[in-house]
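# Observations on the three-dimensional arrangement
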Amino acid sequence: PLFRSGGFPLPIPEANREKCGGPWSNNLGSTVGGYVYVPKVDMKGEAVASMSTTDLKACLAYCTAMSSCQFVVFNKRDCYLKNNIVLGSKGNNRYMDDNFLVAIKMGSGSSGPDPRFFYLPSKVDLKGTDLGTAYGSSVRACGEACAAHKSCTFFGLARDNICYLKMDPVFGSAGTTGPSDYAAQVGLLVDTS
């Protein structure tokens, strides 16, 4: 899965490197230092602070030191500290180039029943590629279905209890990235051990 626990940098199998591409390839899927990395995307949020830096570790240390910082958008020259992920007014919820990386502080999402998942706030949807659906699902059952599917990296549970198993967060064409009255819960798979 795209989001995995592991050391820094998380090695990408040789066969997948071309698909992952770019300078963030070795960070793909890691949850290092209390952050979930999502490469090649920008995410909306409310501005907390910013700084000019080419040092990702300095950027993350700045966010860690600020309780109001939930995530950073880092583009190799600037570090934007934000909160109100996906819903805020600053930035874009979209695919970007190899220079962009979003790092979400663990514990800044909604709590949920399965510690293998990082949960976005309720009523937030995340665009992706659909892999399948499960009906009559709960958040726990939806997470179990995602964890059992070899390609699933996140799920979206709708208010009518339909569970959408997905991959390619923000890149895919199904759904929307932003506020949604239809979405009940989105969970990103961060631990497959």
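A short tour of the structure in this document, coming up.

Reading the values: the criteria
Residues numbered from 1 in each chain as written. Predicted model: local features only at pLDDT ≥ 70, side-chain atom pairs only at ≥ 80, totals over all residues. Heavy atoms only, no water. Pairing = 2+ DSSP bridges. Helix = DSSP H or I, 4+ residues; strand = E, 2+ residues; numbered from the N terminus. Phe/Tyr/Trp six-rings, centres within 6.5 Å; stacked < 30°, edge-to-face > 60°. Buried < 20%, exposed > 50% of the residue type's maximum accessible area, 1.4 Å probe, protein only. Axes fitted to C-alpha atoms, helices over the stretch in contact; angles between N-to-C directions.

### A closer look at the pairing of strand S12 (residues 163–167)
- Relative to S12, strand S10 (residues 129–134) runs antiparallel, the two being bridged by five bridges. Bridge pairing in S12 links Thr133 to Tyr164.
- Relative to S12, strand S11 (residues 154–158) is paired through four bridges, and the arrangement is antiparallel. Paired with Phe154 across the strands is Lys166, a residue of S12.
- Counting the residues between successive antiparallel strands, the hairpin from S11 to S12 contains four residues, one of them, Asn161, with a positive phi of roughly 65°.

### Quick notes on the packing of aromatic side chains
- If you walk through the whole model with that rule in mind, you get one aromatic pair.
- Taking 6.3 Å as the distance between ring centres and 70° as the angle between the ring planes, the aromatic pair formed by Tyr119 and Phe155 counts as edge-to-face. On the criterion of sequence distance, the pair formed by Tyr119 in strand S8 (residues 117–119) and Phe155 in strand S11 is long-range, its members being 36 residues apart.
- Among the residues examined, Tyr119 registers a relative accessible area of 2% and is labelled buried.

### Focus: the sheet that holds strand S4 (residues 71–74)
- With antiparallel pairing, five strands are arranged side by side in an open sheet as S1-S7-S4-S5-S3. Since the sheet does not close on itself, it has two edges, and those belong to strand S1 (35–39) and strand S3 (46–52), each with one partner. Strand-to-strand twist of the sheet, defined as the mean angle between neighbouring strand axes without regard to direction, takes the value 20°.
- In terms of strand pairing, S4 meets strand S5 (residues 78–83) through four bridges, oriented antiparallel. Among the inter-strand pairings, Phe74 is bridged to a residue of S5, identified as Cys79.

None of the figures reported here should be taken as evidence of function without further support.
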